[in-house]
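Coordinate inspection notes
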Amino acid sequence: MAGGSDWWLLVPGRLRRLPADLTAVVLLTAITLLAVITPGIRETPLRVVFGLPFVLFLPGYALVAALFPEAGDPPASTDDKEATADEAAETGEKEGIDGIERVALSFGLSIAVVPLLGLILNFTPFGIRLAPILVAISGFTIAMTAIAARRRWQLAPDDQFSVPYKNWLQTARAELTSPDSRLDGALNVLMVISILLAVSSVAYAVTVPKQGEAFTEHYLLTEQENGTLVADDYPTEFEVGETRPVIVGIGNHEHQDVQYSLVVELQDVQVENNSTTVLDETELERFQTQVAAGDTHHRQINITPDRAGTRLRLAFLLYKDTPPADPTVENAYRETHLWINVSNPE
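Read on for a plain summary of the structure. Just so you know, these numbers come straight off a predicted model, no measurement behind them.

What to know about the overall build of the protein chain
Helix and strand counts for the protein chain stand at nine helices and nine strands. Residues counted as buried form 29% of the 346 residues belonging to the protein chain. Long-range pairs, those at least 24 residues apart, make up 71% of the contacts in the protein chain with a sequence separation of at least 6.

Section: the sheet that holds strand β3 (residues 237–239)
The strand order across the open sheet built from five strands is β3-β9-β8-β5-β6, with neighbouring strands paired in mixed fashion. A strand with exactly one partner marks an edge of an open sheet, and here the two such strands are β3 and β6 (275–291). Across the sheet, the mean angle separating the axes of adjacent strands is 30° when strand polarity is ignored. Looking at chain direction, strand β5 (residues 258–272) and strand β8 (residues 309–320) are connected through eight bridges and run antiparallel.

Structural notes on unusual backbone geometry
The phi torsion at Asn273 lies on the positive side, around 55°, for a residue other than glycine. On the basis of relative accessibility, which here comes to 72%, the residue Asn273 falls in the exposed class.

Some words on the sheet that holds strand β1 (residues 215–223)
Where strands meet in a sheet, backbone hydrogen bonds hold them as pairs that are either parallel or antiparallel. Across the sheet, four strands lie side by side as β2-β1-β4-β7; this open sheet has antiparallel pairing. This sheet does not close on itself; its edge strands, each paired only once, are β2 (229–230) and β7 (296–303). In terms of strand pairing, β1 meets β2 through two bridges, oriented antiparallel. When the sheet's bridge partners are listed, Thr222 is paired in β2 with Val230.

Some points on the nonpolar core
Nonpolar side chains tend to gather and get buried jointly when the protein is soluble and globular. Grouped together as the largest cluster of nonpolar side chains are 22 residues, with contacts concentrated most on Leu22, Phe140 and Met144. Of all the secondary-structure elements, those providing two or more residues to this core are α2 (20–37), α4 (58–67), α6 (99–122) and α7 (130–153). Met144 has contacts with Ala62, Leu63 and Ala66, leaving out every residue within four places of it along the chain. Within the second largest apolar cluster, 21 residues are counted, among which are Val258, Leu262, Leu266 and Ile303.

Points about the packing of aromatic side chains
Centre-to-centre distance and the angle between the planes together describe a pair of aromatic rings. Within this structure, the stated rule accounts for two aromatic pairs. Arranged with centres 5.1 Å apart and planes meeting at 55°, the rings of Phe57 and Phe107 form a pair that is tilted. Here the residue Phe57 occupies a position in the loop between α3 (46–56) and α4, and Phe107 occupies one in helix α6, the gap between them amounting to 50 residues. Ring-pair connections join several aromatic residues into one group, and the members of that group are Phe57, Tyr61 and Phe107.

Considerations on the pattern of salt bridges
Evaluation of the coordinates by the stated rule reveals five salt bridges. For Glu254, the salt bridge is made with Lys320, and the minimal N-O distance between the two is 3.4 Å. Residue Glu254 is located in the loop between β4 (244–253) and β5, and its partner Lys320 is located in strand β8; the two are separated by 66 residues in the primary sequence. In this structure, Asp306 and Arg307 form a salt bridge, with 3.7 Å as the shortest nitrogen-oxygen distance. Taking the relative accessible area as the measure of exposure, Asp306 reaches 43% and is therefore partly exposed. Via salt bridges that share partners, Asp280, Asp306 and Arg307 belong to a single interconnected network.

Comments concerning the pairing of β4
Judged by how many residues are buried, β4 sits mostly within the fold: seven of 10 residues are covered. With seven bridges joining them, β1 and β4 adopt antiparallel strand pairing. Bridging from a neighbouring strand, Thr216 pairs with Asn252 of β4. Here eight bridges tie β4 to β7, and the two strands are oriented antiparallel to one another. Residue pairing for β7: Pro245 is matched across the bridge by Asn302.

Thoughts on α2
The end-to-end C-alpha distance of α2 is 26 Å, a good match for the 26 Å that 18 residues give at a rise of 1.5 Å each. The complete set of buried residues in α2 reads Asp21, Leu22, Val25, Thr29, Thr32, Ala35 and Val36. End-on, the buried residues of α2 take up no more than an arc of 150°, which puts them together on one face. Facing away from the buried side of α2 by more than 90 degrees, the exposed set consists of Leu27 and Leu34.

Looking at α4
The buried fraction of α4 is high, at nine of 10 residues. When we look at burial in α4, the residues that qualify are Leu58, Pro59, Gly60, Tyr61, Ala62, Leu63, Val64, Ala65 and Ala66.

Thoughts on the environment of Leu134
Within the fold, Leu134 resides in helix α7. Looking at Leu134, the relative accessible area reads 10%, which means it is buried. Spatially, the C-alpha atom of Leu134 lies 9.0 Å from that of Val36, the residues being 98 residues apart in sequence. In this structure, Leu134 is in contact with Leu33, Val36, Ile37, Phe54 and Gly139, ignoring residues within four places of it in sequence.

Thresholds, definitions, all that
Residues numbered from 1 in each chain as written. Predicted model: local features only at pLDDT ≥ 70, side-chain atom pairs only at ≥ 80, totals over all residues. Heavy atoms only, no water. Helix = DSSP H or I, 4+ residues; strand = E, 2+ residues; numbered from the N terminus. Buried < 20%, exposed > 50% of the residue type's maximum accessible area, 1.4 Å probe, protein only. Contact = heavy atoms within 4.5 Å. Pairing = 2+ DSSP bridges. Axes fitted to C-alpha atoms, helices over the stretch in contact; angles between N-to-C directions. Core = buried A, V, L, I, M, F, W, Y, C linked by side-chain atoms within 4.5 Å. Phe/Tyr/Trp six-rings, centres within 6.5 Å; stacked < 30°, edge-to-face > 60°. Salt bridge = Lys/Arg side-chain N within 4 Å of Asp/Glu carboxyl O. Expected span 1.5 Å × (residues − 1). Arc of directions from axis to C-beta.

Here it is in structure tokens:
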């Protein structure tokens with residue numbers, strides 16, 4: 001093609017005539033979908049940056065645009081507030097709403113519409129999951145945008161709502177470059193600095209999120225007949241030499257990969273005056289495993305008691321890296337235990 005802008009002619013005529021604000025809604029919706037579902041991008045802060053307006057503003061703005069396609073006059077002055085509806089019609093005042101009202105309604109309606117879409121999804125086979133939510137919100141937003149565009153096109157050009165971004169830019173430029181007084185100039189500079197600080201603070205909070213508390217989960221599970229793992233029905237009655245399984249769980253929330261060591265001991269203890277004394281102990285099992293940050297590791301431990309006794313403590317001692325020469329409940333990083341009874345076989 002001869003002209004560098006001739007590619008624009010390939011776009012359907014109605015899309016070329018789509019108002020600027022509705023075009024921005026469609027583009028932001030498409031960019032949000034890409035930021036949420038594209039591998040490599042969905043792990044970045046862009047997912048939050050585009051996701052917040054996608055949920056909290058765009059659906060409501062599209063709905064307001066569909067309900068009020070006509071332009072509105074600015075808020076009336078004190079003298080104009082006494083004018084009646086007939087006088088407003090005679091003076092040519094429009095029936096739409098102004099920009100501030102649109103923004104306020106956009107936030108309010110988004111907060112109302114999005115939970116309603118989630119409630120509807122809850123009663124469908126799709127459920128409340130990421131993909132159905134993205135489809136529902138983006139579908140609603142695009143549908144309302146199409147209705148808003150059609151209703152605007154049915155109005156006269158002077159009656160259609162449009163975002164006066166050119167006037168805003170000219171006004172902002174005049175205020176910054178040619179203030180009425182030195183005081184106005186100082187206030188404008190202070191306002192710009194405040195906006196930059198606010199944007200920088202939000203960007204820092206999004207890009208450098210504060211890490212939560214670092215900890216490790218350590219727990220015991222048993223496997224049911226159907227293969228389900230539950231924190232219940234632990235084996236507590238044994239015979240000497242009998243083997244029964246227990247599943248150990250390790251959840252790494254340390255924000256880094258950790259090498260764990262687990263030591264399983266059968267301890268004969270004496271509890272007296274709120275003090276526990278280990279009279280004798282036998283190490284039954286020991287292993288090491290590397291658990292990545294945010295992952296969980298499960299391992300089955302086969303418990304085979306070698307002595308008889310009542311209220312023996314079956315201790316599972318978890319350590320980071322290598323355990324000490326004498327593992328105890330007191331020096332373990334995490335500890336959990338079962339009280340078991342072991343009898344001699346008949």
